[in-house]
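Overview (structure and organization)
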Amino acid sequence: MTSSTTPGLTRFNALDDAAAAAELHEVCASSAWGSKMLAQRPYATSDALFAASDAAMAELTTADLGEAMAGHPPIGRPKPGDPTSAREQRGMAGASEELKAELLELNLAYQDKFGHVFLICATGATGEQMRDAVKVRIENTAEVEREIARGELVKINRIRLTRLAEGE
């Protein structure tokens, strides 16, 4: 974590609202989250940015969480041409066709049960770890799973906000 303003954060703070909103939407697809983040600019430090993100995420309604999750592709199927989802799902790059097929089946069963994509902070996770997580989490209640997904979104947002603040 950074306690001083970084070049990326300085650049982000200087953007007009429309450009900043577009960058925030790339971090998280929830319009409620984006509005809360936009309203608190400028951010003095990366820590302040992260704290605002965590607070905004904690306030999201079920519908807001659904909107945020809808911005994420299923595990094993990053959005074509999207370097962010490809980078975050790198652990699936070398997965066997068997594992990819198993994960697709599990993803579909999860979506049938919960009505949204299986969400996990995939950065640094292997395909096997992601498969094992969906197998465990599919047994949860909708309420428990929604809060786990909220926590995963917090982690994903922090990774993406770090990249934004560092100017990547």
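Check the entry above for the structure.
Since the model is a prediction, treat every value here as computed from it, not as a measurement.

It is worth spelling out helix H5 (residues 62-70) at this point. When we look at burial in H5, the residues that qualify are Asp-64, Leu-65, Ala-68 and Met-69. One side of H5 carries all its buried residues, which in axial view fall inside an arc of 135°. The exposed set on the far side of H5, more than 90 degrees from its buried face, consists of Ala-63 and Ala-70. Looking at the buried residues of H5, the elements they touch are helix H3 (31-39), helix H4 (46-58) and helix H9 (142-166).

All right, on to the nonpolar core then. Membership of the largest hydrophobic core comes to 27 residues, with the highest contact counts inside it found for Phe-12, Trp-33, Met-37 and Leu-49. It is H9 that provides the largest number of residues to this core, a total of six residues. Ignoring any residue separated from it by four or fewer positions in sequence, one finds Leu-49 in contact with Leu-9, Phe-12, Met-37, Tyr-43, Leu-161 and Ala-165.

Going through the model one piece at a time under the given rule, you end up with two aromatic pairs. Arranged with centres 4.6 Å apart and planes meeting at 50°, the rings of Tyr-110 and Phe-114 form a pair that is tilted. Taken together, the positions of Tyr-110 and Phe-114, both in helix H7 (residues 97-114) and four residues apart, correspond to about one turn of that helix. Each member of the pair, Tyr-110 as well as Phe-114, carries the same accessibility label: buried. Summarising the aromatic geometry, the rings of Tyr-110 and Phe-118 are spaced 5.2 Å apart at their centres and angled 80° between planes, so their arrangement reads as edge-to-face.

Turning to the environment of Thr-126, a few remarks are in order. Looking at the element boundaries, Thr-126 is found in the loop between H7 and helix H8 (127-137). Put simply, Thr-126 and Met-92 are 34 residues apart on the chain and 6.4 Å apart in space, counted from C-alpha to C-alpha.

The subject of this paragraph is H8. Taken as a whole, H8 has its buried residues at Gly-127, Met-130, Arg-131, Ala-133, Val-134 and Arg-137. Projection of H8 onto a plane perpendicular to its axis shows the buried side chains occupying an angular sector of 160°, all on one side.

Thresholds, definitions, all that
- Going along each chain's sequence as written, the residues are numbered from 1 onward.
- In keeping with the model being predicted, local features are shown solely for residues with a pLDDT of at least 70 and side-chain atom pairs are shown and tallied solely at 80 or more, while totals for entire chains, interfaces and linings include all residues.
- The basis for every side-chain value is the complete set of non-hydrogen atoms in the structure, without hydrogens or water.
- Exposure classes here rest on a 1.4 Å probe applied to the protein chains alone. A residue is buried below 20% of its type maximum, exposed above 50%, and partly exposed in between.
- Each helix is a run of DSSP H or I of at least 4 residues and each strand a run of E of at least 2, with the numbering of both proceeding from the N terminus.
- Arc definition: it is the arc formed by the directions from the helix axis to the C-beta atoms.
- Whether two residues are in contact is decided by their heavy atoms, any of which lying within 4.5 Å being enough.
- What is meant by a nonpolar core is a set of buried Ala, Val, Leu, Ile, Met, Phe, Trp, Tyr and Cys residues, joined one to another through side-chain atoms within 4.5 Å.
- Any two rings among Phe, Tyr and Trp, with Trp reduced to its six-membered ring, count as a pair given centres within 6.5 Å; such a pair is stacked if its planes are under 30 degrees apart, edge-to-face if over 60, and tilted if neither.

Interpretation note: all reported values are geometric properties and have no functional meaning in isolation.
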